[in-house]
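Architecture and fold: a report
This is what each chain is made of:
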Amino acid sequence: MRLPRDPLSVLGAICLAALVLIGLLGPWLPLGDPTAIGAGPRLGWPSLDHPMGLDELGRAFLPRVVDGIGATFLLSGAAVLITAVLGTILGMAAGYLGGLADDLVARGADVLFAFPALLLGLLVAAVMGPGAVSAVAVISAATLPLFIRVVRSVTLGVAGRGFVVTAEVAGASAWRVMLVHILPNVLGAAVVQLTYALSIGMIIESALSFLGLGVQPPDASLGSLLRQGSPYLTIAPHMVIGAGLVLSLAIMSVNLVGDAIRDALEPLRGRPLT
Amino acid sequence: MIHRTSLIAAAVAGFVAAPVLAADDTMVWGKPAEITGFDVHVVGTVASWEMFQMVYETLLTTDEDMALQPGLAESWEQVSPTEYRLTIRDGAAFSNGRAVTTDDVIGSFERITDPETASYWSRQFGDIASLEATGEREVTVTLARPHTAFLPALAHISAAVIPAQEWRAGEFDPASQLMGSGPYMVVEHNQDESWTLEANPHYRGEDLPKASRLEVPIIPDESARIAALRDGRIDFTTFENPDVSLLLGRDETIAIDPIRTTNYYRVDVNALGEETPFADERVRRAMSLATDRDAINNAVFGGTTAVDYPVPRAFGTGACEDSESYAGTREERLEKARALLEEAGNTAPQVQLMASSANPTLGRIAQVMQQSLAEAGFEVEIEQVPTAEYLQRVFTDGDFDFSLSWLAGYTDPSMVIAWWNPQFAVWNTVFHEYDEDLATALEDVKQLPAGEERQAKLKEICGMMDRQANILALTSKVDYLVSRTDKIEVIADEVSGSSNTYRHIAEFESLD
Amino acid sequence: MRLALHLLPRVGTAILTLFGVAVLVFLSLRLIPGGYADIMLGPFATPESRAAVAARYGLDQPVAVQFLRWLQAMASGDFGISMVTQRPVIDEFLRRAPVTLQLASMALGVAVVVGAPLGAASGVRAAGRGGAGRLVGALGASVPDFVLGSILIFVFSINDLWFRVGGYTPFLEDPVANLRTMTLPVLTLAVFGMALILRTTREATLRVMTEGHITAAVARGDAPRDIVRAHVLRNAAIPVVTVAATYFGFLMGGAVVVEVLYSIPGVGLFIFNGLMNRDYAIVQTGVLLAAVVFVAVNMLADAAYAVIDPRVGTRRA
């Protein structure tokens, strides 16, 4: 497996690593207190003291953005991990075991898929109340159907292959076959889907926070910072611009890295026509 | 049975349906929220009152000095402590042309006080013993006991006069229609989208209302409302966000009229919950002492409002100014707070502060409170939930520690504090303690006419409310009427007591 | 005929899926805290008035009973009334559907017209990685629609640049006014779709390019344009159709955020407000309608596959 070396992929990987690092180390970096109200003038513009300006309660915006990066990655990451584990198990079971398992899983995935995504998110958030846990649940619910479908379809493709049949003939149990033989082949596609799910997850999380149903103050996620800042777009655009840029950068780097992984796992040896 | 084909045809016709073209004297009002129900006697939300006030009228109104002014009643007389005579003016008529009669007034009272209607406003009238038409245009109301706030209670839109005759005949359903004697009548309503109102041809004002047509698009998003003002799509609107002057101040064609109200932001504290630290009165008082109202004013409102008390400062009584939670310096109050927590054996109470996510201002207040209370040892977690959940958890389930909202101060000092007796208010029985002495004092003050005795009683009540710390007042709530000066001429009261921002709507004049 | 046989089992699953959606939305609505009585009456409601409102709308019945009643009503064309206005919700939906339809079709159109050619060109020209196409695709998929929307609103409301925010005029009545207000929201929505379609087209094209018969054609010396036309487009079409269908379904489900931002009186905003108001009939009907559209669009896509690729339909589903 050859990792791509082209400029875009490298840039994406560096950005992603940097953002994740910042998000993880954030609380320990000497950037200021994200919750100290009145640290400066309300809605203050960026300055040397406060590189990203201040918000409507006079809190320094930079440490809040750093907090936000951590929160956004943590929430989306956790959700996508849940999706990956659940989706892989369910998808493999559906594809390999077939029959009733397949019907249940496939229909269930269809139902979730046919549900308008944002409305599904709103309903889940409404049932579970706002907060980090429900944000994770929403992202999982929204990204699960596609993940299951992909895993299922790859499993279907692998199930008839020689080595699987051999294992079955040798008396291996269904679970053993799935774990030892099918899973390794599904992993590639799963990892690719994972990265796309992550970027979708980050968008969903920020949309939910934007509509007021996400992390609770004074905690911040990039989406909730956008919600905070958008009424003041005309007089203090630094909040929307700051949070918006960082969010877009984060999503983009995830996408670029996802592309790179996909290219590495399924190299395309084509020749240009011209 | 609905005919589907005709509806589909209508949908297709939607492509060709004509929207309203702005006529010469059409005003456009950007309404921040859709009404939550049609029944003027039942619905208790400002978003609905705003619309009701265009269509319905009340017997009395209040002016900038909180004084009573004629509405549908052109004059009134308090014949005895329990008897009032109201004279209905000549020339007032509903939009269907029929004149407003004593029967309509009496019918409206009856509907409001009918337990089946379940109107929350009926209790504010006191205890009505009898209603009688004692003249061609005269109604006499007799109460079982004196109730000073009876007349002011008639000035709130929830006491609107409806066409009783049509209601009884089944031709008019207040739960799904609006029909009144006010300056405008409803011509079209597209849910969540817009209303179209036209002048009531039978309105009692001469040459009023000045604008013959009122377009009302519904624009909940603040930034969208700002954009609509800027590009001229709407002529006027209201904002709660105190930063609106920052946001629109530089625009020369936009005028911002702040309207001070008797309304204030409040904290509801759960005194009856089983698991909340606030069940202990000392913890509640500590929280009240540790609340930094000045910080709220500065951080959230940029200093544009003022600290407020359970008896609203707009009334000018100053009754609550010396209460423990307000007197002395912040350090002194924090000391007392910490001492109380020590005494209560809970020096680091863990509590959750709830607020409806529909109002960003509440979220900001919550964050300031979180920090101020931390100085006394409180560990506060903030919960911003959707309105429906907030309403259920606070007022039905009692599943909360403390929460933020606001209270309407109405038009008499004794009206809003009446809520401190849960047996009277009913809506707060789930979290408010009943205190016999306070309840008695509240009843007493309702019967005292304005004067020294009343003032003393108010002070006494302030002390009791402060000690009980079950509902706290924070800062005054200011409404901002914002308009395009090149497109419309608005008239706004500087002070308003009845949540009636558009009291002078009939005199608004379109300039384009 | 083959087409019909191919689609028939799909119809069965579609019905099952829709039933699942109905159950899911119905149950989850009843699990949400707070009800219409709370919203309508506000905080000063007495327990009696709440109970009266609940009884009036049949909300005090057991959930199963309510569900059956709802199914029954729908079977006879009654989709319930809005508790705020007391009027049938289906009327509102039919009134708003054209707006969302216009938004969705225009966004899809822009996304396909811009994204597909760019993606195909990018894939054909540089059968490898990198390239401007990939960057544009990544960018477009990274800016959330509400960020883009907020910025567009900001720019266009500060400066008078002809486009307007908010307000809607039906197209057939005044096309110019209609486009004035619809262009910005369409653009906001289309950016993500364009990126999506660009990337999908690019990958599909790349994939096709590596297949045997392409290299054979190159070796044979066929002109690039003919190769593209004869082989690439046809084979790359399927994943693109899939993505386009999914995207359209998502748009018809109500691009809620964009409708909120731009105050567009579409279906999404209506459902969102219905959810906030606990106006159950609106949410139930809305979600079901969106699901129907989504399922229908996917079946159309399935039919399209069968037409595009004759091999489809002979494989196990």
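Here the structure is a predicted model, which means the values were calculated and not measured.

Concerning the overall build of chain A
Of regular secondary structure, chain A possesses nine helices and zero strands. Shown N-terminal to C-terminal, the secondary structure of chain A runs as helices and strands in the order α-α-α-α-α-α-α-α-α. When burial is assessed residue by residue, chain A has 59% of its 274 residues classed as buried. Taking the contacts inside chain A whose residues are at least 6 apart along the sequence as the reference set, 71% of them involve residues at least 24 apart.

Here we look at the overall build of chain C
Helices and strands together make up the secondary structure of chain C, namely 13 helices and zero strands. Helices and strands in chain C line up, N terminus first, as α-α-α-α-α-α-α-α-α-α-α-α-α. Within chain C, the proportion of its 317 residues that are buried is 56%. Sequence-distant contacts, at least 24 apart, represent 77% of the contacts inside chain C between residues at least 6 apart. A total of about 12,700 Å² of accessible surface is found on chain C, and carbon and sulfur atoms cover 70% of it.

Concerning the sheet that holds strand β7 (residues 138–143) of chain B
Residues and elements named next belong to chain B. Spatial strand order, β4-β5-β7-β6: four strands in an open sheet with antiparallel pairing. Each edge of the sheet is formed by a strand with only one pairing partner; in this case those strands are β4 (73–80) and β6 (128–133). Each strand axis lies, on average, 15° off the axis of its neighbour in the sheet, ignoring direction. By the bridge criterion, six bridges tie β4 to strand β5 (residues 83–88) in an arrangement that is antiparallel. Residue pairing in the sheet places Ser75 in a bridge with Thr87 of β5. Packed on one face of the sheet, helix α3 (residues 102–113) meets β5, β6 and β7 and runs near 160° to β6.

Some points on the interface of chain A and chain B
Across the contact, 22 residues belong to chain A and 25 residues belong to chain B. For the chain A and chain B pair, buried surface summed over both sides reaches about 1,900 Å², with 51% attributable to carbon and sulfur atoms. Joining chain A to chain B, the criterion identifies two salt bridges. With a closest N to O distance of 2.7 Å, Arg42(A) and Asp243(B) form a salt bridge. A class-by-class count of the residues in the side of chain A that touches chain B yields 12 nonpolar, six polar and four charged.

Some points on the packing of aromatic side chains
Residue and element names in this part refer to chain B. If you walk through the whole model with that rule in mind, you get 31 aromatic pairs over all chains. Taken together, a centroid distance of 6.3 Å and an interplanar angle of 25° make the contact between Phe278 and Phe378 stacked. With Phe278 in the loop between β12 (254–269) and α8 (281–290) and Phe378 in the loop between α11 (360–374) and β14 (379–385), this residue pair connects regions lying 100 residues apart in the sequence. By relative accessible area, Phe278 is classed as buried at 0%. Counting every residue linked through ring pairs, the aromatic cluster contains Tyr120, Trp121, Tyr390, Phe395, Phe400, Tyr410, Trp419, Phe424, Trp427 and Phe431. One cation-aromatic arrangement involves Arg293 over Tyr326; the distance from NZ or CZ to the ring centre is 4.3 Å.

Looking at the interface of chain C and chain A
Taken together, the contacts link 57 residues of chain C with 49 residues of chain A. Around 4,800 Å² of area is buried between chain C and chain A when both sides are counted, 74% of it from carbon and sulfur atoms. Run the count over chain C and chain A and you get one salt bridge. Where Asp259(A) meets Arg199(C), a salt bridge forms, and the shortest distance between an N and an O atom there is 3.4 Å. In terms of residue count, the dominant contributor to the side of chain C that touches chain A is helix α1 (residues 2–31) of chain C (10 residues). Partitioned by chemical class, the residues of the side of chain C that touches chain A number 39 nonpolar, 11 polar and seven charged.

Quick notes on the state of the cysteines
Between two cysteines, a covalent bond joining their sulfur atoms is known as a disulfide. All names here are of chain B. One pass over the full model with this rule turns up one disulfide over all chains. The disulfide bridge from Cys320 ends at Cys462, spanning 1.9 Å between sulfur atoms. Between Cys320 and Cys462, the disulfide has an S-S torsion of -70° and is therefore left-handed. One end of the pair, Cys320, is in the loop between α9 (293–301) and α10 (330–344); the other, Cys462, is in helix α16 (residues 452–468), with 142 residues separating them in the sequence.

Some remarks on the pairing of strand β1 (residues 26–30) of chain B
All names here are of chain B. The buried fraction of β1 amounts to five of the five residues, a majority that puts the element mostly inside the structure. Neither face of β1 is left uncovered, since the one carrying Thr26, Val28 and Gly30 and the one carrying Met27 and Trp29 both have all their residues buried. Both β1 and strand β11 (residues 236–239) contribute to a ladder of two bridges, which runs parallel. Residue pairing in the sheet places Gly30 in a bridge with Thr237 of β11.

Section: the nonpolar core
In this structure, Leu59(B), Phe125(B), Phe236(B), Trp419(B) and Trp420(B) are the most contacted members of the largest nonpolar core, which totals 260 residues. Among the elements that make up this core, the one with the highest residue count is helix α13 (residues 280–308) of chain C (13 residues). Those residues in contact with Leu59(B), other than ones at most four positions away along the chain, are Pro70(B), Gly71(B), Leu72(B), Ala73(B), Leu86(B), Val105(B), Phe109(B), Leu154(B) and Val161(B). Counting 37 residues, the second-largest nonpolar core is a separate cluster that includes Ala337(B), Ala366(B), Phe378(B) and Val380(B).

Section: the packing of helix α2 (residues 61–97) of chain A against helix α5 (residues 132–159) of chain A
Residues and elements named next belong to chain A. It is at 6 Å that the axes of α2 and α5 come closest, and there the two elements cross at 35°. Crossing of α2 over α5 shows right-handed handedness. Classifying every residue of the contact of α2 with α5 by side-chain character gives 20 nonpolar, nine polar and one charged.

Quick look at the confidence of the model for chain C
Residues and elements named next belong to chain C. On average, residues of chain C score 80 in pLDDT, and 88% of them are at 70 or above. The model gives residues 313–317 a pLDDT under 50, and that stretch makes three contacts with residues more than four places away or in other chains. Scored by ipTM, the complex comes to 0.81, with pTM at 0.83.

Let's talk about the pattern of salt bridges
Tallied over the full model, the rule gives 47 salt bridges over all chains. Asp104(B) is paired through a salt bridge with Arg98(B); the nearest N and O atoms lie 2.9 Å apart. Like Asp104(B), the residue Arg98(B) is buried in the burial classification. The partner of Asp322(B) in a salt bridge is Lys459(B), with the nearest N and O atoms 3.4 Å apart. You can see Asp322(B) sitting in the loop between α9 and α10 and its partner Lys459(B) sitting in helix α16, a full 137 residues away along the chain. A single salt-bridge network, built from bridges that share partners, covers Glu193(B), Glu92(C), Arg95(C) and Arg96(C).

Structural notes on α11(B)
All names here are of chain B. The end-to-end C-alpha distance of α11, which contains 15 residues, comes to 22 Å, matching closely the 21 Å that a straight helix rising 1.5 Å per residue would cover. Burial analysis of α11 places 12 of its 15 residues in the buried class, the great majority of the element. Thr361, Leu362, Gly363, Arg364, Ile365, Ala366, Gln367, Val368, Met369, Gln370, Ser372 and Leu373 are the residues of α11 that are buried. Put simply, Asn359 is the residue that caps the front of α11, since its side-chain oxygen is 3.0 Å from the backbone nitrogen of Thr361.

A few points about a nonpolar patch on the surface
On the surface, Val20(A), Leu21(A), Ile22(A), Leu24(A), Leu25(A), Trp28(A), Leu29(A) and Leu31(A) cluster together to form a nonpolar patch covering roughly 750 Å² of accessible area. The residue Leu25(A) is located in helix α1 (residues 7–25) in this model.

A word on the environment of Val258(C)
All names here are of chain C. Along the polypeptide, Val258 turns up in helix α11 (residues 256–262). Taking the C-alpha atoms as reference, Val258 lies 8.9 Å from Val186; in sequence the two are 72 residues apart. Setting aside anything within four residues of it in sequence, one finds Val258 in contact with Asp145, Pro185, Thr188 and Leu189.

Digging into unusual backbone geometry
All names here are of chain B. Note the cis peptide between Leu208 and Pro209, where omega equals -5°. By the element assignment, Pro209 lies in the loop between β9 (194–199) and β10 (213–217). In this structure, Asp207 takes a positive phi of about 55° despite not being glycine. Positionally, Asp207 belongs in the loop between β9 and β10. For Asp207, a relative accessible area of 69% gives the class exposed.

Procedures and definitions
- Residues numbered from 1 in each chain as written.
- Chains lettered and ligands numbered in written order.
- Predicted model: local features only at pLDDT ≥ 70, side-chain atom pairs only at ≥ 80, totals over all residues.
- Heavy atoms only, no water.
- Helix = DSSP H or I, 4+ residues; strand = E, 2+ residues; numbered from the N terminus.
- Buried < 20%, exposed > 50% of the residue type's maximum accessible area, 1.4 Å probe, protein only.
- Contact = heavy atoms within 4.5 Å.
- Areas by Shrake-Rupley, 256 points an atom, 1.4 Å probe, with all protein chains shown as cover.
- Pairing = 2+ DSSP bridges.
- Axes fitted to C-alpha atoms, helices over the stretch in contact; angles between N-to-C directions.
- Buried area = accessible area lost by both parts, 1.4 Å probe.
- Salt bridge = Lys/Arg side-chain N within 4 Å of Asp/Glu carboxyl O.
- Nonpolar A, V, L, I, M, F, W, Y, C, P; charged D, E, K, R; others polar.
- Phe/Tyr/Trp six-rings, centres within 6.5 Å; stacked < 30°, edge-to-face > 60°.
- Lys NZ or Arg CZ within 6 Å of the ring centre and 35° of its normal.
- Disulfide = S-S within 2.5 Å.
- Core = buried A, V, L, I, M, F, W, Y, C linked by side-chain atoms within 4.5 Å.
- Left-handed = near helix turned anticlockwise from the far one by under 90°.
- pLDDT = per-residue confidence, 0-100.
- Expected span 1.5 Å × (residues − 1).
- Polar contact = N/O pair within 3.5 Å; in protein donor to acceptor, adjacent residues only side chain to side chain.
- Patch = residues over 30% accessible without salt bridge, like charges linked within 9 Å, V, L, I, M, F, W, Y side chains within 5 Å.

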